[in-house]
Amino acid sequence: MFRGFLKGSFEGYLKKVIELNRNAARRKQPGRVNIEIGDKTINYRAPASGGYKDDPERTRRVDLPPANYTDRADRKRTGYNRQAVGKPAARPKAKPHFGIFLAFIIFAGVVVSVSAFALMISSFNDKARTAPPAPTRDVGAGLPLVPAAKEVKQVCLIKATDPDTRTFTLYGILDGRTFYMTASGGTVMKDKHGGSLVFAEFKQGDVVDIAYLEDDSVLISIQQSPQAQTFFNLEGVIVDAENNRITVGNKTYIYGPEFVCLYKGKEQDPAALAPEDRVTLRVYKTVAMFMDITTGHGVIDIVHNEYIKDGSVEIGNLTYAKLEESRSFSVPEGIHKVVVKGQNIEIFQRDVTVTGGETVTVDLAGVQMKYGSMYFTSNVPDVYLTVNDNPVSLDDALPLLFGLYEIKATAFGYEPFQHTVDLNAPALTVQIEMLPTPTPTPRPVLPETIKYTPITVPSGAEVYIDDRYVGLTTDPNLTDPLSVDVELGQHNVRFVKDGYADWTSIVLFANTNNLREMRMTYTLQESSSIQPLAPIPQETTTPADTGETGGY
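Engineer: Honestly, the overall build of the chain in this entry has me stumped. Any pointers?
Structural biologist: Along the chain, the regular secondary structure elements total three helices and 42 strands. Within the span of the chain, comprising 552 residues, buried residues form 33% of the whole. Across the chain, the fraction of contacts at a sequence separation of at least 24, relative to all contacts at a separation of at least 6, is 54%. By element, 53% of the accessible surface of the chain is carried by carbon and sulfur atoms, the whole surface being about 34300 Å².

Below you can see the structure in the form of structure tokens.
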């Protein structure tokens, strides 16, 4: 209605302008005219609106009204002015110029037109803004209208990526749902700071914020979540698999079945994590989502250390421990220096390379043992002396490995002597002090010879007494082992066997306590190793009067 009113007014305005222009074109330019008032004639410039087309002399006569002329209408019609009586008539008031009036009319019309147009556009926009969205129709005739698809936003963990199909395998952190989404050319990809990324820069274990249309598998946008945190090169991480908790320093995070733990690109049970492993951990708020073991661990086993006294082991700068019979150490993968120390061995060092998940064995069988010499002194010259039950000479130095030894000494008319000594130096002297028995018994008459049965382990060793070959040692279980008659006193006994070190010692053959036979067992040492100790000797004796046998 308002537009109709404006249209009618505007059309009337145009008609008026056209008519005014036509009238103006018919008028002449103003000139000067003669006006007669009474008996006077005045030359006067005609107004712009005036024209005297039919008056060639341009003379107009004005008759004076009567003296009593007072009619306002007559005065206005005749141009009578009381003040002009007897005077020249006043100059008529000029009318406005038609061009100025026309310009004003045009300007006013333009303003009205622009205002009307702006009002019309504003009304149209208000209607468009308040109108509900137009329903969409499925493809095909006759189908009902359905609403537009709804945009869905999710926080997810990337379980896997497929660069060939540009597909993400995602786990919804909030709803626990696993689903698949594809990145198209129009998918917006960003890092946690808003910078642009490409598909290949998203990795397994990333926590991302995604947006997609409901019932559609194409991503609108995917961004590394600003609420996720990543910690690199962590050490001392503790996993409590029973309560599903991960502790890093004074912070604890929970984890669920969606938690991903990788080692060299393969999934691994987080319970197998050792404190010395180094990991990259990614968490979302207080939930651990992903862990990558960048440096794993292996095991170093120490074996054959039973002869080492007060042993200890150092592995790099990480471990220092007492060495027990069998000891295993969990260490980070890499190269480590193993140092073994002990009271009776030389320092052992070796570099070992440890691979994650594997065990490296360090064998101490070839470790260099320390030796010392043991010397003896006694207040009784005629004494029977044993070290760890092996007969030895009182006058000779005895080479032995570092360690503990039991010293025993017996002599006629004296109390037995027994003492344990620790050989931990290059030389050690043992003082044997024997006390006489309270009631000594008569010294028996000793025979001139004694039957000597040597037994070696292994058997088959050549036996030399005072550099005289007497035979081969045999198995002690045989009914007729090697047995020779040896004169009483000290004799040099030597055993020789291929692959074994020669055994040489001074042996005292004495008929102590009226014994007629001596049986002794010796253990030979292989040439490639060291036999630290010999077993306790055994002796078989036969009483002089009965023939019965006995022995040690």
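Additional details are given in the paragraphs that follow.
Engineer: Before we go on, may I ask you to explain the sheet that holds strand β11 (residues 219-224) in this structure?
Structural biologist: Strand pairing in a sheet takes place through backbone hydrogen bonds and is either antiparallel or parallel in direction. Reading across the sheet, the six strands line up as β8-β7-β6-β10-β11-β9 and stay open at both edges, with mixed pairing between neighbours. With partners counted over all chains shown, the strands left at the sheet margins are β8 (178-182) and β9 (188-190), one partner each. Neighbouring strand axes in the sheet, compared pairwise and without regard to direction, differ in orientation by 35° on average. Pairing of strand β7 (residues 167-172) with β8 involves five bridges; the strand directions are antiparallel. What sits directly across from T169, in β8, is Y180.

Engineer: So what exactly am I meant to see when it comes to the sheet that holds strand β20 (residues 297-303) here?
Structural biologist: Strand order in the open sheet made by the three strands is β23-β20-β26, with mixed pairing throughout. Each edge of the open sheet is held by one strand with a lone partner, namely β23 (327-332) and β26 (359-363). The sheet shows a mean angle of 25° between the axes of neighbouring strands, taken without regard to direction. Pairing analysis gives five bridges linking β20 to β26, with the strands arranged parallel. Across the sheet, residue I300 finds its bridge partner in β26, namely V360.

Engineer: Explain the side chain of H336 to me, please; I cannot follow it from the model alone.
Structural biologist: For H336, the location among the structural elements is in strand β24 (residues 334-341). By relative accessible area, which is 10% here, H336 ends up buried. Within the local environment of H336, its side chain forms a polar contact with the backbone oxygen of P332, the two atoms lying 2.5 Å apart. Once you skip the residues sitting within four places of it in the chain, H336 turns out to touch I315, L318, V331, R350, D351, V352 and V354.

Engineer: I keep staring at unusual backbone geometry and nothing clicks. Help me out?
Structural biologist: Glycine aside, the phi torsion of most residues is negative, and most peptide linkages are trans. Each neighbour pair has its own omega, and for V457 with P458 the value is 0°, a cis peptide bond. Its location among the elements puts P458 in the loop between β34 (449-457) and β35 (462-465). If you check the backbone angles, N244 has positive phi at about 55° while not being a glycine. By the element assignment, N244 lies in the loop between β13 (238-240) and β14 (245-248). The exposure class of N244 is partly exposed, given its relative accessible area of 32%.

Engineer: Can you help me understand the packing of aromatic side chains in this one?
Structural biologist: Any two aromatic rings considered together are summarised by their centre-to-centre distance and by the angle between their planes. Within the structure shown, the criterion is met by nine aromatic pairs. An aromatic cluster of at least three residues, connected via ring pairs, comprises F168, F199 and F202. One cation-aromatic arrangement involves R177 over F179; the distance from NZ or CZ to the ring centre is 4.3 Å.

Engineer: Please explain the nonpolar core as it appears in this structure.
Structural biologist: Nonpolar side chains in soluble globular proteins tend to end up buried together. Within the largest apolar cluster, 42 residues are counted, with the highest numbers of intra-cluster contacts made by I300, V340, M374, F376, Y405 and I407. Those residues in contact with I300 that lie beyond four places of it in its chain are I315, R327, S328, F329, V331, V338, V352, V354, V360 and V362.

Engineer: Help me understand a nonpolar patch on the surface in this model?
Structural biologist: On the surface, I106, V110 and V114 cluster together to form a nonpolar patch covering roughly 260 Å² of accessible area. Structurally, the position occupied by I106 is in helix α3 (residues 98-130). The partly exposed category is assigned to I106, whose relative accessible area is 45%.

Engineer: Please explain the pairing of β24 as it appears in this structure.
Structural biologist: Two faces belong to every sheet, and in a regular strand the side chains alternate between them. Two strands pair when backbone bridges link them, and strand β21 (residues 312-315) and β24 are joined in this way by four bridges, in the antiparallel orientation. From the neighbouring strand, S312 faces β24, where its bridge partner is K341. With seven bridges connecting them, β24 and strand β25 (residues 348-354) associate as antiparallel partners. Along β25, the bridge assignment pairs V340 with F348. Counting the residues that bridge the hairpin from β24 to β25 gives six residues.

How each quantity is defined
Residues numbered from 1 in each chain as written. Predicted model: local features only at pLDDT ≥ 70, side-chain atom pairs only at ≥ 80, totals over all residues. Heavy atoms only, no water. Helix = DSSP H or I, 4+ residues; strand = E, 2+ residues; numbered from the N terminus. Buried < 20%, exposed > 50% of the residue type's maximum accessible area, 1.4 Å probe, protein only. Contact = heavy atoms within 4.5 Å. Areas by Shrake-Rupley, 256 points an atom, 1.4 Å probe, with all protein chains shown as cover. Pairing = 2+ DSSP bridges. Axes fitted to C-alpha atoms, helices over the stretch in contact; angles between N-to-C directions. Polar contact = N/O pair within 3.5 Å; in protein donor to acceptor, adjacent residues only side chain to side chain. Phe/Tyr/Trp six-rings, centres within 6.5 Å; stacked < 30°, edge-to-face > 60°. Lys NZ or Arg CZ within 6 Å of the ring centre and 35° of its normal. Core = buried A, V, L, I, M, F, W, Y, C linked by side-chain atoms within 4.5 Å. Patch = residues over 30% accessible without salt bridge, like charges linked within 9 Å, V, L, I, M, F, W, Y side chains within 5 Å. Salt bridge = Lys/Arg side-chain N within 4 Å of Asp/Glu carboxyl O.

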